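Chain and residue survey
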Amino acid sequence: MPCTLLIFFTFLFLLKAITINSQDENSKEKHFIGSIGAVIDSGTRAGKEERIALEIAVEDLFHSTSYNPVLHVRDSHGNPLRTASAVVELIDKDQVQAIVGLLTWQEVALVDEMDERSKEVPIISLAELAVTPPSASLRWPSLVQMSTDISIQMQCVAAIIGSYRWRRVIAIYEDKAYGGDPGIITLLSDALQDVGSEIERYSALPPLTSLSNPKTVIREELEKLKNSSHCTVFIVLRSSQPLAGHLFIEAKKMGMMKKGYVWIATETITSLLDSVNSPTISSMQGVIGIKTYFSESSPSFQDFYSRFRRKFRTEYPEEEEPNPDPGISALRAYDAVWAINHGTNNKSSSGRSLLDGILSSNFKGLGGEIRFKDGKLANAPVFQIVNVVGRSYREIGHWSPLFGFSENATGEGSAELGQVFWPGGPPSIPSGWTATMDLVADEKKLRIGVPAKSAFTQFVKVSYDGSRNKTYITGFSVRVFEAAVKRLPYHLPYELVPYNGSYDEMVKQVYLKTFDAAVGDTEILSDRYQYAEFSQPYMESGLTMVVTVKPEKVRRAWIFMKPFTKSMWVLIGAMNLFVGTVIWLIERDTSVEFGGGTFGDQIGTMLWFAISTNFFAHREPLQSNLSRLVVATWLFVVLILSSNYTANLSAMLTVSDLGPSVADVAFLQRTQAAVGCNENSFIGKYLEALGFSPYNIKRIASIDDYPEKLSNGEIAAAFLGAPHARVFLAKYCKGYTMAGPSYKLSGFGFVFPKGSALASDVSEAILRVMESGEMQELEKGLLSSSKCSISPSTADDINSFGVSAFWGLILIVVSVCVGALVVFYLRRQLPKYMELWRSTMLMDPTIWRWALGPISSYYMKSRILLPVGCPSSGTAC
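Along every chain, residues carry numbers that run from 1 in the direction the sequence is written. Local features in a predicted model are, by the rule used here, given only for residues with pLDDT of at least 70; side-chain atom pairs are given and counted only at 80 or more, and totals for whole chains, interfaces and linings are based on all residues. Calculation of side-chain values draws on the structure's entire complement of heavy atoms; hydrogens and water are dropped beforehand.

Details of the overall build of the protein chain
Tallying secondary structure elements over the protein chain gives 29 helices and 28 strands in all. When contacts within the protein chain are restricted to residue pairs at least 6 apart in sequence, long-range pairs at least 24 apart make up 73% of them. Per element, the accessible surface of the protein chain, about 43600 Å² overall, is 56% carbon and sulfur. What counts as a helix is a DSSP run of H or I of at least four residues, what counts as a strand is a run of E of at least two, and both are numbered from the N terminus. Pairs of residues are marked as contacts when any of their non-hydrogen atoms sit within 4.5 Å. For the accessible areas, the method is Shrake-Rupley and the probe is 1.4 Å, while residue cover comes only from the protein chains on display.

What to know about the pairing of strand S14 (residues 383–389)
Accessibility here uses a 1.4 Å probe with only protein chains present; expressed as a share of the type maximum, an area under 20% marks a residue as buried, one over 50% as exposed, and anything in between as partly exposed. Counted residue by residue, S14 has six buried out of seven residues, so it is predominantly covered. Two strands pair under a simple rule: DSSP has to find at least two bridges between them. Taken together, the five bridges between strand S10 (residues 288–292) and S14 define a ladder with antiparallel strand orientation. Each residue of the ladder has a partner; that of Gly289, found in S14, is Val386. Relative to strand S15 (residues 392–400), S14 runs antiparallel, the two sharing seven bridges. Counterpart to Asn387 in the pairing with S15 is Arg394. Linking two consecutive strands that pair antiparallel, namely S14 and S15, is a turn of two residues; a positive phi of about 70° is found at Gly390 within it.

Some thoughts on the layout of surface pockets
Cavity and pocket criteria rest on a 1 Å grid covering protein atoms alone: a 1.4 Å probe that fits but cannot get out defines a cavity, protein on both sides within 12 Å along at least 5 of 7 lines defines an open pocket, and an atom within 4 Å of a point defines a lining residue. Grid points are joined across faces, edges and corners, and a volume is the space filled by probe spheres set on the points. One number sums up the size of the largest pocket: a volume of about 1300 Å³. What lines the largest pocket is a set of 50 residues, and nearest its centre among them are Asp41, Thr44, Leu102, Lys176 and Ser240. Taken together, the elements giving at least two residues each to the lining of the largest pocket come down to strand S1 (35–40), helix H2 (45–64), helix H3 (80–92), helix H4 (105–114), helix H9 (241–253), helix H10 (267–270) and helix H13 (328–344). Counting residues per element, the lining of the largest pocket draws most heavily on H4, which supplies four residues.

Here we look at empty space enclosed by the protein
This model, assessed by the stated rule, comprises six cavities of 30 Å³ or more. The calculated volume of the largest cavity comes to roughly 170 Å³. Every residue lining the largest cavity is counted, 19 residues in all, and those nearest its centre are Tyr503, Asp521, Asn678, Ser681 and His724. Broken down by element, the residue count for the lining of the largest cavity peaks at three residues, all from strand S21 (residues 517–523). By residue class, the composition of the lining of the largest cavity is seven nonpolar, seven polar and five charged. Quantified by volume, the second largest cavity comes out at close to 80 Å³. Lining the second largest cavity are 14 residues, with Arg168, Cys231, Gly432, Trp433 and His491 sitting closest to its centre. Classes in brief: Ala, Val, Leu, Ile, Met, Phe, Trp, Tyr, Cys and Pro nonpolar; Asp, Glu, Lys and Arg charged; the others, Gly included, polar. Its residues assigned to classes, the lining of the second largest cavity shows five nonpolar, five polar and four charged.

Quick notes on the nonpolar core
Side-chain atoms within 4.5 Å are what join buried Ala, Val, Leu, Ile, Met, Phe, Trp, Tyr and Cys residues into a set we call a nonpolar core. Core analysis: the biggest nonpolar cluster contains 65 residues, and Ile160, Ile161, Leu188, Leu222, Leu237, Trp263 and Ile385 have the highest contact counts within it. Among the elements that take part in this core, helix H6 (residues 150–163) stands out by supplying nine residues, more than any other. Core analysis: the second largest hydrophobic core is formed by 47 residues, Leu446, Ile703, Ala725 and Leu778 among them.

So, the confidence of the model for the protein chain
Known as pLDDT, the predictor's per-residue confidence is scaled from 0 to 100. Mean pLDDT for the protein chain: 80, with 81% of residues reaching 70 or above. Note that pLDDT drops below 50 for residues 436–441; the model gives that stretch eight contacts with residues more than four away or on any other chain.

Things to note about the packing of aromatic side chains
Stacked, tilted and edge-to-face pairs are distinguished by plane angle, under 30 degrees for stacked and over 60 for edge-to-face with tilted covering the rest, among Phe, Tyr and Trp rings (Trp via its six-membered ring) whose centres lie within 6.5 Å. In total, this model carries 30 aromatic pairs according to the counting rule given. Note on Phe459 and Phe476: the rings are 6.0 Å apart at their centroids and 90° apart in plane angle, and the pair reads as edge-to-face. Here the residue Phe459 occupies a position in the loop between strand S17 (446–451) and strand S18 (461–465), and Phe476 occupies one in helix H15 (residues 476–486), the gap between them amounting to 17 residues. Considered together, Phe459 and Phe476 belong to a single accessibility category, that of buried residues. Judged by centre distance (6.4 Å) and plane angle (55°), the rings of Tyr538 and Phe748 are tilted. One end of the pair, Tyr538, is in the loop between strand S22 (533–534) and strand S23 (539–551); the other, Phe748, is in strand S28 (residues 736–752), and 210 residues separate them in sequence. A single burial state applies to Tyr538 and to Phe748, both of which are buried. Taken together, the ring pairs in this structure connect Phe459, Phe476, Phe481, Tyr494, Tyr538, Phe748 and Phe750 into an aromatic cluster.

Examining the environment of Ser360
For Ser360, the location among the structural elements is in the loop between helix H14 (351–359) and strand S11 (362–365). Placed 17 residues apart in sequence, Ser360 and Gly343 show a C-alpha to C-alpha distance of 7.5 Å. For this analysis, a polar contact is any N or O atom pair within 3.5 Å, provided that within protein one partner can donate a hydrogen and the other can accept it, and provided that sequence-adjacent residues contribute only side-chain to side-chain pairs. Of the polar contacts made by the side chain of Ser360, one reaches the backbone oxygen of Gly357; its length is 2.8 Å.

Some thoughts on the pattern of salt bridges
Salt bridges, as used here, are contacts in which a Lys or Arg side-chain nitrogen is within 4 Å of a carboxyl oxygen on Asp or Glu. Considering all chains together, one arrives at 25 salt bridges under this definition. With its nearest N and O atoms 2.7 Å apart, the salt bridge here joins Arg165 to Asp761. Pair noted here: Arg165 is in the loop between H6 and strand S6 (168–174) and Asp761 is in helix H26 (residues 757–772), with a separation of 596 residues, a long-range link. Given a relative accessible area of 3%, Asp761 falls into the buried group.

Have a look at this one:
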């Protein structure tokens, strides 16, 4: 019996031990599956939202699965060391299988140094990570980034800047304790460079927790930025909600939220706009913000939204807003728990298998599509762009790296942002700079190179005043650049720096970043494009040959023929013959001079009369009034023709009929003559390419050296750019001319670095200068000369008169001659016809009186004798 009892109790003990062990194993397995750690900063609004979202996610996971998840939350208080310690504690003490939190690269590195086991536990980071360290995936393979790629967010900011063509911005961000994250400045700078803009200045504000008097510190920093730059475009990159509130309130007090200023806030601020208090939101009027877009219409979001607001008000009654809305960080925290759930594959998972399961997640979360690639969210985000107006904000557009700007999140609609309510309420877009304040000494200026040894100082002239120790830079090119800069939509501080090298070397200095740009009479050439870009040409150009002139005496022997064209001379001769013939036909029956003698004598008299009328020397008397009418009309025409002939011939005899001493380039090459060009110009290499010997190319330093070298024969011709040639001939207008063909070139332009958006802006400004007429005024005032007459320089330049100039007079003469011939013919033939009618036709006297009475009444009385027996009263006979 005792043995039996002993065996029985032993059996019960073993059975209980096995049962307890089994229960422990089952309990351990459930804890293994559902243990999740979280590290938050409970002192921030984002941390509070994340905690609420995590608790709701765990509740939903418990009700939706067979798991019994346990959430272990640790508070970092915004301290990286405490964050690392909390992560180690969660791994070692609480044995969590995954961790969710706002962990940066620095904090992950600290965890790795403190505990090697951290590499075995997946860590889902909700923080915006800027620059990824080299080999990050190898050093921290367990880190999963579940936040919006901040580099894409910086591209969105740059797209906004580029759309309004602001070329300079000022960046402000909150520096984190124990080492900041300067990589965000690098990302913004790279994104701005793609749209032709740059960061002029940036300010890293200390963490709010480290400031005893944050208002004073922020005010002093804003004062420095305001007084050290003309730029009025401010970008708040990263800031806690309390610091951002102080920043905007102080900016408003300092007048930096008025008309002309631009403020852009990134997601760390914009995503929490719904929780901003009234004083802060009233100081943010006109601010443009960007936030990650997420759909609010799904049933799952609506359920989460109502539960979140209810739970948040219960646990944080001290928060001021009555209707707290979740931000993107809360939604991502909720989705992170479900990503961990997807990673378990409905079975026990840990370490690498859990990490692989998380990275293979593919589901629709509250914050959007959850899918990973290379440890990051794979889908390109869509940003919602909002504008703070009144007590809230309104949507003005969307942006995505896939489709740029659009009206909605699907990429449809207008590709431009909607109407923006700017700070101060101006209807027009702010220029992004102000010129009302004095220029500060330390303002960053562009270094603009100018040629110090320009042969034509009319374009660029560098002079030094020793008494004042000051350098003056003037000239047409400089004035054009100044006029273009005034028409830019932003302030462009610059300084002109003389450069003593050649033009090619000056272009290379822009490529080497010694200069930010170059201004001068710089020719736009294809081989220079490999180093820089050029603006719109502000002056057309070409390669022209300038030579001395010599008289052309042979051509002057026939200059008397030049006042009229050949066709006009032929017409004058024909009209003389025509008028002479008409006079001869009318006068030959009644005038002895025209009708006497043989037919040859009559033709001679007719020709002599026709020619003599041109000189008003005719002496033959005219018997007919018709002849007198024709001659009077012709003499009037002859008077006008002779007056124009005399005036045109006088002009041709007055000017110098000169020709070039060298006809073309081939003559120079054939004779191996010496030629000249500007000392620092590209033309020397160009002439060598045309076949000129380097020994025959003389490089000349000044415009004033050309006349002497051309006159004494040291050079036979000067090869100049067309603008230079025009300036030379305007200054030395006697004895020189352009000859030969002109080789077309692109023109003069300003030099900018490759990819510089300033080149396109200045090009547009140059067009405005041209369209306004200011370019013509500058040319007239700086490039022309009053010493030279604007009259033509050779007889060839004076136009000869053609038939088109006198066709009206010729038509009058022809009409009068034809009319005179018709009247003459009718007067001569009408008696014969009337005699024929009277003798051959039986005419009714009534019809006769009706038809021919008005015409013949006068004629009958003077020429026709009435038949015998017919009364003079005109009655029937």
